[in-house]
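# An overview of the molecular structure
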Amino acid sequence: MLNAHPGTPDETIPEFPMPRAAGCPFAPPPEMMRLHAARPVSRVRLWDGSTPWLVTRYDDQRALYGDQRLSVDPTRPGFPHMSAAFQEALAKNPPSFLHMDDPGHARIRRMVTGPFIIKRIEAMRPAVQKMTDDFIDTMLAGPNPADLVEALALPLPSLVICELLGVPYEDHAFFQSKSAVGVRRDASPEETRAASGALLTYLDGQLQAKLADPADDVLSDLAARTTTGDLTRHEAAMLGLLLLGAGHETTANMIALGVLAFLEHPDQLAVVRDTDDPKIVAGSVEEMLRYLTIVHNGQRRLALEDIEIGGQVIRAGEGVIIPGATGNWEPGVFPDPERLDVHRDARRHMAFGFGVHQCLGQPLARLELQVVYRTLFRRVPTLRRATELERIPFKDDGVVYGVYELPVSW
């Protein structure tokens, strides 16, 4: 067995990803927190036998997020891939701008920044509020108990991103099912490739339609950029795919998992339900983002040069994994991190990453979460779990953590 790093012959390399503790669905995996306390820069073993570095401390993570000596390009040898399916899919398709280093990343990111600036997103608040109320109306008029994922958590962000991009909402079942394959860690390479191909074909058709009949939406803008030479047709489709998938999958999981966390902490739920202060609601969203950190398999990077961090030297060509959950649960940064506290100033969390690759859609996610949490608990004050916590199916097998379903009653 390989040693974790020189000087600790009794320590073997743990497997990654690591399981969460039974009965503690919101906390980071206990083995990862043990490493965080004892060896915050250490080796872990992946599915393919490779042993990248796991960097768990908050300050080290922020430093690495901003370090241009780390690459996000998954086609480079030694990149710490999440699975064989991800590796094969990325090898067969040109990378999206998420997997580009600068200057290519910066060039494309600038083209899609406009729709996500805070002022434009804030202007969507009345529309998001109405959508939320409409979905809650439908849920309350239907069977009791209901699945909150199906009734609200998934359809709301799907409708919002469809409106923003200019994608017909009647197609949401198609893209939801295909996107779900893309974030499954256990999906086969064939399944991943087929789902990605189907979505790209669909979005290419949408771009063609926008060229013939443009509107005031993101896809129309991307289509126009293909005629000026700013983007190739494939780059435009890949951007649409990224925005469509990321725009509903992550927020849907935050809605459902956050609601569950609030139900398990009724004192914190009461604060959000009863307040008229939008700053408290906004602060509760930041705390929930910190507390849950749903991108639970870590951000992946590859060292292009030797980097010294946390007393260790990461050599050029070695992989790096940055699990935001450990930084967001670091006691020196967030005292009593295991306690959900909506009055905490959690704005320094790294749920959206940090640096040039920080999540583009974070203003939209924040808006949706602020509207949903306050509206749902105020309109349905008797909301409660309709099954035991142990029977709720959690997404331990996914890139994004959440629940597959959340039975609730009122």
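For the structure itself, consult the block above.
Presented here is an overview of the structure given in this document. (Residues numbered from 1 in each chain as written. Predicted model: local features only at pLDDT ≥ 70, side-chain atom pairs only at ≥ 80, totals over all residues. Heavy atoms only, no water.)

## Focus on the overall build of the protein chain
Within the protein chain one finds 16 helices and ten strands. In terms of overall dimensions, the protein chain is globule-like: its C-alpha atoms have a radius of gyration of 21 Å, near the 22 Å expected for 410 residues. Expressed along its principal axes, the backbone C-alpha trace of the protein chain runs to roughly 65 × 55 × 35 Å. Taking all 410 residues of the protein chain together, the buried fraction comes to 54%. Partitioning the intrachain contacts of the protein chain with sequence separation of at least 6 by distance along the chain shows that 71% fall at a separation of at least 24. (Helix = DSSP H or I, 4+ residues; strand = E, 2+ residues; numbered from the N terminus. Rg over C-alpha atoms; globule rule 2.2 N^0.38 Å. Buried < 20%, exposed > 50% of the residue type's maximum accessible area, 1.4 Å probe, protein only. Contact = heavy atoms within 4.5 Å.)

## So, empty space enclosed by the protein
Evaluation of the coordinates by the stated rule reveals two cavities of 30 Å³ or more. Reported here for the second largest cavity is a volume of approximately 50 Å³. What lines the second largest cavity is Tyr65, Thr293, Val295, Gly298, Gln299, Ile322, Pro323, Gly324, Met350, Ala351 and Gly353. Of the residues assigned to the lining of the second largest cavity, the class counts are six nonpolar, five polar and no charged. (1 Å grid on protein atoms, 1.4 Å probe; cavity = no way out; pocket = protein on both sides within 12 Å on 5 of 7 lines; lining within 4 Å. Points joined across faces, edges and corners; volume = space filled by probe spheres on them. Nonpolar A, V, L, I, M, F, W, Y, C, P; charged D, E, K, R; others polar.)

## A word on the layout of surface pockets
Over the atoms, a rolled probe matching the size of one water molecule traces out where space is still vacant. A volume near 250 Å³ is recorded for the second largest pocket. Lining the second largest pocket are 18 residues, with Glu286, Gln362, Pro363, Arg366 and Gln370 positioned closest to its centre. For the lining of the second largest pocket, the secondary-structure elements that each account for two or more residues are α5 (118-122), α14 (278-292) and α16 (362-379). Looking at the lining of the second largest pocket element by element, the count peaks at five residues for α16.

## Digging into the environment of proline 214
Mapped onto the secondary structure, proline 214 falls in the loop between α10 (189-212) and α11 (218-228). Look at proline 214 and you get exposed, because its relative accessible area is 55%. For the pair formed by proline 214 and histidine 296, sequence separation is 82 residues and the distance between their alpha carbons is 38 Å.

## Describing the pairing of strand β5 (residues 299-303)
Counting buried residues in β5 gives four out of five residues, a clear majority hidden from the surface. Taken together, the two bridges between strand β3 (residues 70-71) and β5 define a ladder with antiparallel strand orientation. Bridging across to β5, leucine 70 finds its partner in alanine 303. Bridge count between β5 and strand β8 (residues 319-322): four bridges; the pairing is antiparallel. Along β8, the bridge assignment pairs glutamine 299 with isoleucine 322. (Pairing = 2+ DSSP bridges.)

## Overview of the sheet that holds β5
Taken in spatial order, the five strands line up as β1-β2-β8-β5-β3 in an open sheet, and their pairing is mixed. Looking at which strands have only one partner, the edges of the open sheet turn out to be β1 (41-43) and β3. The sheet contact formed by strand β2 (residues 53-55) and β8 spans two bridges and is parallel. Of the residues in β8, the one forming a bridge with leucine 54 is isoleucine 321. Along the sheet, helix α2 (residues 58-65) makes contact with β1, β2, β3, β5 and β8, crossing β8 at roughly 125 degrees. (Axes fitted to C-alpha atoms, helices over the stretch in contact; angles between N-to-C directions.)

## Observations concerning the packing of aromatic side chains
By the definition in use, this model includes seven aromatic pairs. When the ring of phenylalanine 174 is compared with that of tyrosine 202, the centres are 5.3 Å apart and the planes differ by 55 degrees; the resulting orientation is tilted. Placement of phenylalanine 174 in helix α9 (residues 172-182) and of tyrosine 202 in helix α10 is noted, with a sequence separation of 28 residues between them. A relative accessible area of 29% means that phenylalanine 174 is categorised as partly exposed. Taken together through their ring pairs, the aromatic side chains of Phe26, Tyr291 and Trp329 make up a single cluster. The ring of phenylalanine 354 carries the charged tip of arginine 62 above its face, separated from the ring centre by 3.8 Å. The lysine or arginine in question, arginine 290, covers the ring of phenylalanine 334, its NZ or CZ lying 5.6 Å from the ring centre. (Phe/Tyr/Trp six-rings, centres within 6.5 Å; stacked < 30°, edge-to-face > 60°. Lys NZ or Arg CZ within 6 Å of the ring centre and 35° of its normal.)

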